[in-house]
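Each chain, letter by letter, is given below.
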Amino acid sequence: MEKKNWFKFCFIIIAVISALSYGSASKYHSKYEPNWTSLDKRPLPTWYDEAKVGIFIHWGVYSVPSMGSEWFWTDWKNLKYKNYIEFMEKNYKPGFSYQEFANEFNAELFNATQWALLFKDSGAKYVVLTSKHHDGYCLWPSVQSFGWNSMDVGPKKDIIRELSSAIRQHTDMKFGLYYSLFEWFNRMYINDKLHIFLTQDYVNQKARPEQMFLVQEYLPEIIWSDGDWEAPAKYWKSEEFIAWLYNDSPVRDTVVTNDRWGIGTACLHGDFYNCKDRYNPGVLQKHKWENAFTLDKDSWGQRYDVTLKNFMTSEEVIHEVITTVSCNGNVLINVGPTKYGTILPIFEERLRDLGQWLKINGEAIYATKPWTHQNDTSTPGVWYTKSNQEIDGQVVIYAMILEYPYDTNSLRIYPWGKKFENGPEVTLVGLELLDSNINSIVMLGMENTDIKWQFNGPAINIQFPPKHHIDKRGLKYAWTFKITISNAI
């Protein structure tokens, strides 16, 4: 090859490689501008949609008084609720400060590996820990919060380090961090507030350095923002931070964020929407969303002023999972550990019951998509999902039954609606051929049991196996039928 042609050949090869490299990089590292119009175009990382189930942990100094909720400090000192004042007068010396609770936040029984294995057994695919709540106490040695973090006072431990390491070492769950933007009693924040947020000393000197450190040091794949509602996103510099997350942070390919980034951002901006606490609209949402709810119905932090009726039952937890996932949501299930670092047995029981249910019924939850009809409007208590992909021209519909038909031991369901119409999800050649397109119906957990069923117009009549056979398999509630159909497009 002549020298001139050789250089030409090399130039072409380099150009091709550069083009391929640029194409690959742009696929995963598109440069997002620090504005919502650009940021909202980012595709949701696949892992989050497939995960469906996460665990939320609210743990901090508020776990010491264990009374009321994690808002103890402001309810006592700002709002001056009578029951809080009486609690303090009865149990603590005059002049006792909230900061003194930190000396009792010792976490002496905290075992990060035990926590990680429990969360894994619950069937969760990700865990979100409160790095800092509205009281400002940090669960890592923050240099911006000297004397008010878990290394300086209390456990004398880097809680985030221990838990994130245990989760990554012993499980395949993703790890994420909650971070409260504001702090009730932070003087810099209060001063910015007095200046109607025209100054940003708190953001520049406290919040932003901590946010950057948390991402770079602990590599969280969920950034769960909160405490945003008093100030606009421009004050928090939220768009700049998220653009950095998406473009240049070490977790840019996998990180997901919620929608709490300033006044007016809820339900509008973010990889997934929380909208509000315990958000479960019960109808299909086009944008990915998350239902963050508490096993203690009234508090995110651990408390002792509770009775049994304050806790969700296992059936209620599974109900939330099913109704949320059917409508394109994820669940984030909150537990509040004790000041000792233990998780109450009632929380553990609920999580293990969920885990047992997911071992049998998980294929109807994980990596599924919403079906044409999210729930059965003709037969209450029936919710649907579908398999993510067609295999050999077959689609799987999952019908999850929340109430057992004790009177008849059978149920009539309408996966295509009471009035059958060919829709975008499933196209079949005429209603009369629908019967022949149902290849099989099986009950998850009873795969070796023949399920009797009959197609009746737009409905499927399904006969349950004998109840004692179902009970023997440990199928206590929320029974799932797997319906495989062919000739679907």
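Residues numbered from 1 in each chain as written. Predicted model: local features only at pLDDT ≥ 70, side-chain atom pairs only at ≥ 80, totals over all residues. Heavy atoms only, no water.

By the naming in an unreviewed UniProt entry, the protein chain is Putative alpha-L-fucosidase, taken from Musca domestica.

In this section: the packing of aromatic side chains. Per the counting criterion, the structure on display carries 50 aromatic pairs. Between Phe 56 and Trp 224, the aromatic rings sit 4.9 Å apart at their centres with planes inclined by 50 degrees, giving tilted as the arrangement. You can see Phe 56 sitting in strand 1 (residues 53-57) and its partner Trp 224 sitting in strand 4 (residues 222-226), a full 168 residues away along the chain. With a relative accessible area of 1%, Trp 224 lands in the buried category. Between the aromatic rings of Trp 73 and Phe 185, the centroid separation amounts to 4.3 Å while the plane-to-plane angle is 35 degrees, which identifies the pairing as tilted. One end of the pair, Trp 73, is in helix 4 (residues 72-77); the other, Phe 185, is in the loop between strand 3 (174-180) and helix 8 (187-194), with 112 residues separating them in the sequence. The ring of Trp 47 is capped by Lys 174, whose NZ or CZ atom sits 5.5 Å from the centre of that ring. (Phe/Tyr/Trp six-rings, centres within 6.5 Å; stacked < 30°, edge-to-face > 60°. Helix = DSSP H or I, 4+ residues; strand = E, 2+ residues; numbered from the N terminus. Buried < 20%, exposed > 50% of the residue type's maximum accessible area, 1.4 Å probe, protein only. Lys NZ or Arg CZ within 6 Å of the ring centre and 35° of its normal.)

Right, let's talk about the pattern of salt bridges for a bit. Tallied over the full model, the rule gives 27 salt bridges. With a shortest N-O distance of 2.7 Å, Asp 49 and Lys 369 are connected by a salt bridge. In this pair, Asp 49 sits in helix 3 (residues 46-51) while Lys 369 sits in strand 8 (residues 369-375), placing the two residues 320 residues apart along the sequence. One salt bridge in this structure joins Arg 303 and Asp 298, with 3.7 Å as the shortest N-O distance. (Salt bridge = Lys/Arg side-chain N within 4 Å of Asp/Glu carboxyl O.)

Our next topic: the nonpolar core. Formed by 117 residues in total, the largest nonpolar core has its most connected members in Ile 57, Phe 101, Phe 119, Ile 333 and Ile 413. Tallying contributions element by element places strand 10 (residues 395-401) first for this core, with seven residues. Both domain 1 (36-364) and domain 2 (369-486) contribute no fewer than three residues apiece to this core. Not counting the four nearest positions on each side in its chain, Phe 119 is found in contact with Ile 55, Ile 57, Ala 124, Val 127, Met 173, Val 335, Ile 343 and Leu 351. Core analysis: the second largest hydrophobic core is formed by 15 residues, Leu 39, Ile 223, Ala 233 and Ala 243 among them. (Core = buried A, V, L, I, M, F, W, Y, C linked by side-chain atoms within 4.5 Å. Domains from an automatic or database assignment. Contact = heavy atoms within 4.5 Å.)

On to helix 8, then. Where helix 8 begins, the capping side chain belongs to Asn 186, and its oxygen is found 2.9 Å from the backbone nitrogen of Met 188. At the C-terminal side of helix 8, Ile 196 shows a positive phi close to 45 degrees. (Polar contact = N/O pair within 3.5 Å; in protein donor to acceptor, adjacent residues only side chain to side chain.)

Moving on, we get to the environment of Lys 156. When you line up the elements, Lys 156 lands in the loop between strand 2 (126-132) and helix 7 (159-170). In this structure, the C-alpha to C-alpha distance between Lys 156 and Phe 105, residues 51 residues apart in sequence, is 9.7 Å. Residues contacting Lys 156, with those up to four places away along its chain left out, are Ser 150 and Met 151.

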